[in-house]
Amino acid sequence: MKLSDIVKEIGCEILTGTVNLDKEIKNGYVSDLLSDVIGNIKENSIWITIQRHINILGVAKLKDVIAILIPRSLQIEENIIEKAREEKIAILRDPRSAFELSGIIYNLLQKG
Amino acid sequence: MSTFSCDLHIHSTLSPCGSLEMSPNNIIAKAKQVGLHVISITDHNMVENSFYAHEIGKKVGITVLFGMEAQTAEEIHLLAYFDTYELALAFQEKIYALLPDVQNDADYFGDQVVVNEENEIIRFENRLLLNSAQISITDATAWIKNHGGIAIPSHIDSPTFSIISQLGYIPDDLPIDALEIRNIEKKTELLPLIMKKDIPFVCFSDAHYLEDIGKRRINLNLEKPTCKEIASALRHLQ
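All chains use their own residue numbering, which begins from 1 and follows the written sequence. Both sets of labels track the order of writing: A upward for chains, 1 upward for ligands. This being a predicted model, a pLDDT of at least 70 is required before a residue's local features are given, and a value of 80 or more before pairs of side-chain atoms are given or counted; all residues contribute to the totals for chains, interfaces and linings. To obtain the side-chain values, all non-hydrogen atoms of the structure were used and water was disregarded.

Chemist: Is there a simple way to think about the state of the cysteines in this case?
Modeler: Throughout this description, disulfide means a covalent bond between two cysteine sulfur atoms. Residue and element names in this part refer to chain B. Two cysteine sulfur atoms make up a disulfide if the distance between them is within 2.5 Å. For the coordinates displayed, the defined rule picks out zero disulfides over all chains. Free cysteine: Cys6, not disulfide-bonded; nearest cysteine sulfur from Cys227 at 11 Å. Type-normalised accessible area, obtained with a 1.4 Å probe on protein chains alone, sets the label of each residue: buried when under 20%, exposed when over 50%, and partly exposed for intermediate values. With relative accessibility at 0%, the residue Cys6 sits in the buried group.

Here is the structure:
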């Protein structure tokens, strides 16, 4: 499923403009421990996390993550968003919890 | 210059996980017995027992750095040391204001007790200290360094609460003085995850029980055991 379609379905905020909107999302992962993400996330994923240290971009780059979704409308520093645009990683944000968002996105990806 | 034997990671009764025998008095007596010259009491998000340990240490010739093991928003444990109690207390006030107002369950986690030189209880801390202050590792490190302190991420080889478990790797722009590692043999394995290669490694006991004090330690050549000199000696460890 295209990232743009997921964004449309869930109605979340896009912080990085058009970055990766046309990319195909194949998988999802939810974790805030970056060592766990490095070990277990599959490529072409949307990754839901409340971790907002700039290392999320290094991990996303390493693991070919297409989009990072920040739940609970948590604040993220402007320099991280700018760097994400440069590195071509989408950052999204939504008021709902990681639990709710992962349920919704899981069902969308199952439907394909 | 003389050689100082240092164990800078010791928990006291003020840490919920610290044994109730870990009063400042008992810690200093044990440190003396095992030949340490410099120690630090590093309780979770608190510095108050290091005040009493410092007073007792003065009498028996043991230097006590005012310390804390802070837990940042990323759930990283970060050791902080200061030369004066005023600076350490200012750091504690900053951290405490950012610590969630959740009460400790003493039956489950253990009591968090401030104990003086006479082994008397000064107060119980009721807020749960095993929790993350809402301050980033970047901002906490910057605060420590801007106030003349020493910043050392704890047990980087641990699967929990370590900068590597939480952040995947150690960014190169963090002005830390050293990295604490439990098992120095893991160093080679972890090096690829450390972006700046010249950060020294240190081993401290992370003692929660008296018998563990000084079991891991480092020796530093110093004129005087101040934060400035220790930071400089650490740079030359590599």
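Chemist: Mind showing me how you'd approach the sheet that holds strand S10 (residues 218-222) of chain B here?
Modeler: Two orientations exist for strands paired in a sheet by backbone hydrogen bonds: parallel and antiparallel. Residue and element names in this part refer to chain B. Pairing between strands is defined by DSSP: at least two bridges between them are needed. Each helix corresponds to a stretch of at least 4 residues labelled H or I by DSSP, and each strand to a stretch of at least 2 residues labelled E; elements are numbered beginning at the N terminus. Taken in spatial order, the six strands make up an open sheet running S7-S4-S3-S2-S1-S10, and their pairing is mixed. The sheet terminates laterally at strand S7 (150-153) and S10, the two strands that pair on one side only. Along the sheet, successive strands turn relative to each other by an average axial angle of 30°, direction set aside. In the sheet, strand S1 (residues 2-10) pairs with strand S2 (residues 38-41) via three bridges, with the strands oriented parallel. Of the residues in S2, the one forming a bridge with Ile10 is Ile41. To get an axis, a line is fitted to the C-alpha atoms, and for a helix only the part in contact is used. The angle between two axes follows their N-to-C directions and goes from 0 to 180 degrees.

Chemist: Explain the sheet that holds strand S5 (residues 90-93) of chain A here, please?
Modeler: Residue and element names in this part refer to chain A. Spatially, five strands are ordered S1-S5-S4-S3-S2 in an open sheet, and the strand pairing comes out mixed. Looking at strand neighbours, the two that pair on one side only are strand S1 (13-14) and strand S2 (27-30), the edges of this open sheet. Note that S1 and S5 share two bridges and pair antiparallel. Residue Ile14 lies in a different strand from S5, and its bridge partner there is Leu92.

Chemist: Looking at this model, I keep getting lost on the nonpolar core. Mind explaining?
Modeler: The nonpolar side chains of a soluble globular protein tend to be buried, and buried together. In this structure, Trp47 and Ile68 of chain A together with Phe91 and Ile156 of chain B are the most contacted members of the largest nonpolar core, which totals 59 residues. In this analysis, two residues are considered to be in contact whenever any of their non-hydrogen atoms come within 4.5 Å of each other. In this structure, Trp47 of chain A is in contact with Tyr29, Ser31, Leu34, Val37, Ile41, Ile56, Val59, Ala60, Val65, Ala67, Ile68 and Leu69 of chain A, ignoring residues within four places of it in sequence. In this text, buried Ala, Val, Leu, Ile, Met, Phe, Trp, Tyr and Cys residues form a nonpolar core when linked through side-chain atoms within 4.5 Å.

Chemist: Please clarify how the interface of chain B and chain A should be interpreted in this entry.
Modeler: When the parts come together, some accessible area is lost, and that loss is often what is quoted as the size of the interface. Of the residues lining the interface, 10 residues belong to chain B; the matching set on chain A comes to 10 residues. Summing both sides of the interface, chain B and chain A together bury roughly 810 Å²; the carbon and sulfur share of this comes to 49%. Summed over both partners, buried area is the accessible surface (1.4 Å probe) that two parts give up on being assembled. Three residues stand out in chain B for area buried against chain A, namely Gln166, Leu167 and Tyr169 of chain B, and they jointly supply 49% of the buried area on that side. In the sections that follow, a salt bridge refers to a side-chain nitrogen of Lys or Arg positioned within 4 Å of a carboxyl oxygen of Asp or Glu. Counting across the interface, chain B meets chain A through zero salt bridges. Whenever two N or O atoms come within 3.5 Å, that pair is a polar contact, provided that in protein one can donate a hydrogen and the other can accept it, and provided that, for residues adjacent in sequence, both atoms are side-chain atoms. Counting the contacts that link chain B with chain A gives four residue pairs in polar contact (both at pLDDT 80 or more). Contributions of two or more residues to the side of chain B that touches chain A are made by helix H5 (137-146) and helix H6 (163-167) of chain B. For the side of chain B that touches chain A, the element with the highest residue contribution is H6 of chain B, accounting for four residues. Polarity classes work like this: nonpolar for Ala, Val, Leu, Ile, Met, Phe, Trp, Tyr, Cys and Pro, charged for Asp, Glu, Lys and Arg, and polar for all others, with Gly in that last group. Considered class by class, the residues forming the side of chain B that touches chain A number five nonpolar, four polar and one charged.

Chemist: When you look at the pairing of strand S3 (residues 63-71) of chain B in this model, what are you seeing that I'm missing?
Modeler: Strand residues, when the strand is regular, have side chains that alternate between the two faces of the sheet. Residue and element names in this part refer to chain B. Among the nine residues of S3, eight are classified as buried, and the element is accordingly described as predominantly covered. Pairing geometry for S2 and S3, over four bridges, is parallel. Across the sheet, the residue bridging to Ser40 is Leu65, located in S3. Chirality of the crossover, the property in question, places the unit of S2, helix H2 (residues 48-60) and S3 among those that are right-handed. Pairing of S3 with strand S4 (residues 77-82), which is carried by six bridges, proceeds in the antiparallel orientation. Bridging across to S4, Ala70 finds its partner in Leu78. The definition of a right-handed crossover adopted here requires that, viewed with the strands pointing away, the path from the first strand over the helix to the second runs clockwise.

Chemist: What exactly am I supposed to notice about the packing of aromatic side chains here?
Modeler: Aromatic rings considered in pairs are described by the distance between their centres and by the relative angle of their planes. All names here are of chain B. Any two of the Phe, Tyr and Trp rings considered here, Trp counted by its six-membered ring, make a pair once their centres fall within 6.5 Å; the pair's planes then place it as stacked at under 30 degrees, edge-to-face at over 60, or tilted in between. The full count for this structure, using the stated rule, is seven aromatic pairs over all chains. Taken together, a centroid distance of 5.6 Å and an interplanar angle of 55° make the contact between Phe66 and Tyr85 tilted. Taken as a pair, Phe66 in strand S3 and Tyr85 in helix H3 (residues 85-97) lie far apart in primary sequence, 19 residues in all. Per residue, the accessibility class of Phe66 equals that of Tyr85, and both read buried. Note on Tyr108 and Phe109: the rings are 4.9 Å apart at their centroids and 90° apart in plane angle, and the pair reads as edge-to-face. Judged by its relative accessible area of 31%, Phe109 falls in the partly exposed class. Put simply, the rings of Phe51, Tyr52, Phe66 and Tyr85 touch in pairs and so form one group of aromatic residues.

Chemist: Would you mind showing me how to read the layout of surface pockets here?
Modeler: In this structure, the largest pocket occupies an estimated 700 Å³ of space. Note on definitions: the grid is 1 Å and covers protein atoms alone; a cavity is a set of points where a 1.4 Å probe fits but cannot get out; a pocket is an open set with protein on both sides within 12 Å along at least five of seven lines; lining residues have an atom within 4 Å of a point. Forming the walls of the largest pocket are 27 residues, and the residues nearest its centre are Arg52 and His53 of chain A together with Ala73, Glu74 and Ser136 of chain B. Of the voids in this model, the second largest pocket is the one considered here, and its volume is about 150 Å³. His44, His77, His155, Phe161 and Arg182 of chain B are the residues nearest the centre of the second largest pocket, which is lined by 13 residues in total. Taken together, the residues that form the lining of the second largest pocket break down as three nonpolar, seven polar and three charged. Grid points are joined across faces, edges and corners, and a volume is the space filled by probe spheres set on the points.

Chemist: I keep staring at the side chain of Ser205 of chain B and nothing clicks. Help me out?
Modeler: Relative to the helices and strands, Ser205 of chain B resides in the loop between strand S9 (201-202) and S10. From its side chain, Ser205 of chain B meets the backbone nitrogen of Ala207 of chain B in a polar contact 3.1 Å long.

Chemist: Is there a simple way to explain the packing of helix H1 (residues 24-33) of chain B against H2 of chain B in this structure?
Modeler: In a packed pair of helices, the relevant descriptors are the angle between the two axes and the axis-to-axis distance. Residue and element names in this part refer to chain B. For the pair H1 and H2, interaxial distance at closest approach is 9 Å and the crossing angle is 45°. With respect to H2, the axis of H1 lies oblique. H2 is crossed by H1, and the crossing has right-handed handedness. Where H1 approaches H2, its residues Pro24, Asn25, Ile28 and Lys32 are matched on the opposing element by Asn49, Tyr52, Ala53, Ile56, Gly57 and Val60. In this scheme, roughly parallel covers angles under 35 degrees and roughly antiparallel covers those over 145, while 65 to 115 is roughly perpendicular and the rest are oblique. Definitions for this section: a left-handed crossing has its near helix turned counterclockwise from the far helix by less than a right angle. A right-handed crossing has that turn clockwise.

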